[in-house]
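Residue-level listing of the chains:
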Amino acid sequence: MKQSSKCALGGIVAALSLVLMISVAIIPFLTYALPAVAGALIIFIVVEIDRKWAFGVYSAVAILSMLLVPEKEVAVMYLAFFGYYPILKSLIEAKIPTALGWVIKLLSFISTMVISYYLMIRFMGVTLDETEEFGMMAIPLLLGMGTVAFVLYDIALTKMITLYMIKWQKHFKRYFK
């Protein structure tokens, strides 16, 4: 792929990701889904170019989202996990056996979410409204539901990558040479 095509693809993915992140102001009930979808777009950079370019696009979107996205929780979720996860996923699945890979992925998700929410609650004033209703059981309950959602997200990413490689990549190659 030519350097100009790499730049164009990176710019398109970065712009789409940023639009998704900003659109949470219009669609607030997608607070967790939009950073996940924005992160999933990084897959195209990983597959078509390489991990270094993907990290560059992730960095650009992370910085711009911290500056421009009105809902800081969304920007932190992208920065802390969803933005770099497709890059991490490609590394883990390329070099580590499947069972150990799942352990690493789950530990990565859980530790990142715990640290992110601790920092957001402590320094950014984010509150967990569910703790008023469910008490301290809300935290493990939310983390458990988040973990289930993460496993489904990982499986969906794998299916999306497979579908892209089998059906769409040949069409994509026509436009970005």
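Our subject is the structure that appears above.
Because the structure is predicted, anything quoted here is derived from the model rather than measured.

> I tried to follow the overall build of the protein chain on my own but got confused; where do I start?
Summing up its helical and strand segments, the protein chain has 9 helices and 0 strands in all. Walking the protein chain from its N terminus toward its C terminus, one meets helices and strands in the order α-α-α-α-α-α-α-α-α. Compactness check: the protein chain gives a C-alpha radius of gyration of 17 Å against a globular reference of 16 Å for 177 residues, within 12% of the reference. Along the first, second and third principal axes, the C-alpha set of the protein chain runs to 55 × 40 × 25 Å. Counting every position in the protein chain, which comprises 177 residues, the buried fraction comes to 39%. Taking all contacts inside the protein chain whose residues are at least 6 apart in sequence as the whole, residues at least 24 apart take part in 73%. For the protein chain, the accessible surface area stands at approximately 10100 Å², while carbon and sulfur atoms represent 73% of it.

> I tried to follow the packing of helix α2 (residues 33–40) against helix α5 (residues 72–82) on my own but got confused; where do I start?
When two helices pack together, their arrangement is given by the angle between the helix axes and the distance between those axes. Viewed as axis vectors pointing N to C, α2 and α5 meet at an angle of 45°, and their least axial separation amounts to 9 Å. Classified by the angle between their axes, α2 and α5 sit oblique to one another. The two elements α2 and α5 cross, and the hand of that crossing is right-handed. Facing α2, whose interface residues are P35, A36, A38 and G39, α5 presents V74, M77, Y78 and F82. Its residues placed into classes, the contact of α2 with α5 shows 7 nonpolar, 1 polar and no charged.

> Teacher, can you tell me more about the pattern of salt bridges here?
The tally for this structure, following the rule as stated, stands at 4 salt bridges. Measuring nitrogen to oxygen at the nearest pair gives 3.3 Å for the salt bridge that ties D154 to K105. Placement of D154 in helix α9 (residues 138–175) and of K105 in helix α7 (residues 98–123) is noted, with a sequence separation of 49 residues between them. Residue K105 is classed as buried on the basis of its relative accessible area of 3%. One connected set of salt bridges, linked through shared partners, spans K89, E93, K105 and D154.

Thresholds applied
- Residues numbered from 1 in each chain as written.
- Predicted model: local features only at pLDDT ≥ 70, side-chain atom pairs only at ≥ 80, totals over all residues.
- Heavy atoms only, no water.
- Helix = DSSP H or I, 4+ residues; strand = E, 2+ residues; numbered from the N terminus.
- Rg over C-alpha atoms; globule rule 2.2 N^0.38 Å.
- Buried < 20%, exposed > 50% of the residue type's maximum accessible area, 1.4 Å probe, protein only.
- Contact = heavy atoms within 4.5 Å.
- Areas by Shrake-Rupley, 256 points an atom, 1.4 Å probe, with all protein chains shown as cover.
- Axes fitted to C-alpha atoms, helices over the stretch in contact; angles between N-to-C directions.
- Parallel < 35°, antiparallel > 145°, perpendicular 65-115°, else oblique.
- Left-handed = near helix turned anticlockwise from the far one by under 90°.
- Nonpolar A, V, L, I, M, F, W, Y, C, P; charged D, E, K, R; others polar.
- Salt bridge = Lys/Arg side-chain N within 4 Å of Asp/Glu carboxyl O.

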